[in-house]
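Structural overview for review
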Amino acid sequence: MTQKFGLSVALATPFDSNGDIAIDAMIVQARRSLAAGCSSVTLFGTTGEGSSIGSRERDRVFAAFLDAGITAKNIIVGVLVDAAEDAAIQADYALSQGVRNILLAPPSYFKNVSDDGVFQWFSAVFAMLGDKARDIIVYNLPSLTMVPLSVSLIGRLRTAFPNIVTGVKDSSGDWPYTESLLKAHSDLIILVGDERHLARGVRLGGQGAISGMANFVPRDVKLMAEEGKDDPRIEGFVAELLKYPVVPAVKAMVAHVASEEIWLAVRPPLASISAEGQAQLALAFDRLFQSKAA
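Keep in mind that this is a model prediction, so the values were computed, not measured. (Residues numbered from 1 in each chain as written. Predicted model: local features only at pLDDT ≥ 70, side-chain atom pairs only at ≥ 80, totals over all residues. Heavy atoms only, no water.)

This part takes up the side chain of Asp220. Relative to the helices and strands, Asp220 resides in helix H9 (residues 218–227). At 2.8 Å, the side chain of Asp220 and the side chain of Arg233 are in polar contact. Among residues more than four places away in sequence, those in contact with Asp220 are Asp231, Arg233, Ile234 and Phe289. (Helix = DSSP H or I, 4+ residues; strand = E, 2+ residues; numbered from the N terminus. Polar contact = N/O pair within 3.5 Å; in protein donor to acceptor, adjacent residues only side chain to side chain. Contact = heavy atoms within 4.5 Å.)

Rendered as structure tokens:
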């Protein structure tokens, strides 16, 4: 039986006082996550502010991870760009290094686009990748991209590119959609991005998650992602996180759990949440989990 996907931490990206990526701190966080049971780290996804990180920065981070002994097979790379050529270039480099998967979001500048248009965009990316195209997880995140990936579109991509499109990360937060996706595409790696739906999705055949909350409660999320165990604490804390912009809120929690203020910084156009917001989140977290230990 093929091993399930498991839990990948949607690794947050720390920035120093100059706004540069604090690569050493990022590597420490990756190692913490892997030691806590995550099967891989996902670089440059939504939580990692991937759309704000340039290609040269990505290359430096990736090279540093490999030099630090974090193997490519334990790395997933997010690609969150609009031009098919840019997507192919970023994916090509990562695939050439032997990464586990590419997390590929649809283009998001144009809104109200058709399934046909989105299909053609993915087709163009795969054509440019040629023989290197493999292990693509398409990313459904309509709250940010405003480009939903319909169940039928995913089926069309799977049929057209059976050895390339191998999974879907669904961060829609729409349980009826997630349930439909699981029923229609049991042959794909279905990853549930909303932790409130994660355990239920795994019990219906989901293979795990790429999770932002795994940055600070990896062992708890692992039980949901791998065993389908409900955790009301995590479900409750997601509701607290969603009171704030999600990425700054996740980073505030990494700072709280790790006692490292470097995690509070985000890259423009995002802004850090207020000190009051940070304190409220920390209080809610400690109340639910009764400990600062991840």
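After that view of the structure, there is still more to cover.
Alternating positions in strand E4 (residues 101–104) separate into two faces, Asn101 and Leu103 on one and Ile102 and Leu104 on the other, with burial throughout. Pairing of strand E3 (residues 75–79) with E4, which is carried by four bridges, proceeds in the parallel orientation. Residue pairing across strands places Val79 opposite Leu104, the latter belonging to E4. Taken together, E3, helix H3 (residues 84–96) and E4 form a β-α-β motif whose crossover is right-handed. Sheet topology note: the E4/strand E5 (residues 136–140) ladder contains three bridges and is parallel. Residue pairing across strands places Ile102 opposite Ile136, the latter belonging to E5. One crossover worth recording links E4 to the parallel E5 by way of helix H4 (residues 115–129), and it is right-handed. (Buried < 20%, exposed > 50% of the residue type's maximum accessible area, 1.4 Å probe, protein only. Pairing = 2+ DSSP bridges. Right-handed = clockwise from strand over helix to strand, strands pointing away.)

This next bit is on H9. Among all positions in H9, only Pro218, Asp220, Val221, Met224 and Ala225 are buried. Buried residues of H9 fall within an arc of 160° about the axis and therefore sit on the same side. Contacts made by the buried residues of H9 are with strand E1 (6–10), helix H8 (195–203), strand E8 (208–211), helix H10 (232–241) and helix H12 (275–289). Where H9 ends, the next residue or the one after it, Gly228, has phi of about 70°, a positive value. (Arc of directions from axis to C-beta.)

Core analysis: the largest hydrophobic core is formed by 87 residues, its most contacted members being Leu43, Phe65, Ile102, Leu104, Phe216 and Phe237. Once residues within four sequence positions are removed from consideration, Leu104 is found in contact with Val79, Ala87, Trp121, Phe122, Val125, Phe126, Ile136, Ile137, Val138 and Tyr139. Counting 11 residues, the second largest nonpolar core, distinct from the first, contains Phe5, Ala10, Ala105 and Ile189. (Core = buried A, V, L, I, M, F, W, Y, C linked by side-chain atoms within 4.5 Å.)

Successive side chains on a regular strand alternate, one facing one side of the sheet and the next facing the other. Side chains Ser40 and Thr42 of strand E2 (residues 40–43) all project onto a buried face; the interleaved residues Val41 and Leu43 project onto the opposite face, where all are buried too. Note: E1 against E2, three bridges, orientation parallel. Note on E2: the bridge partner recorded for Ala10 is Thr42. Of the crossover connections in this fold, the one passing from E1 over helix H1 (residues 23–35) to the parallel E2 is right-handed. Pairing of E2 with E3 involves three bridges; the strand directions are parallel. Looking at E3, one finds that Thr42 is bridged to Ile76.

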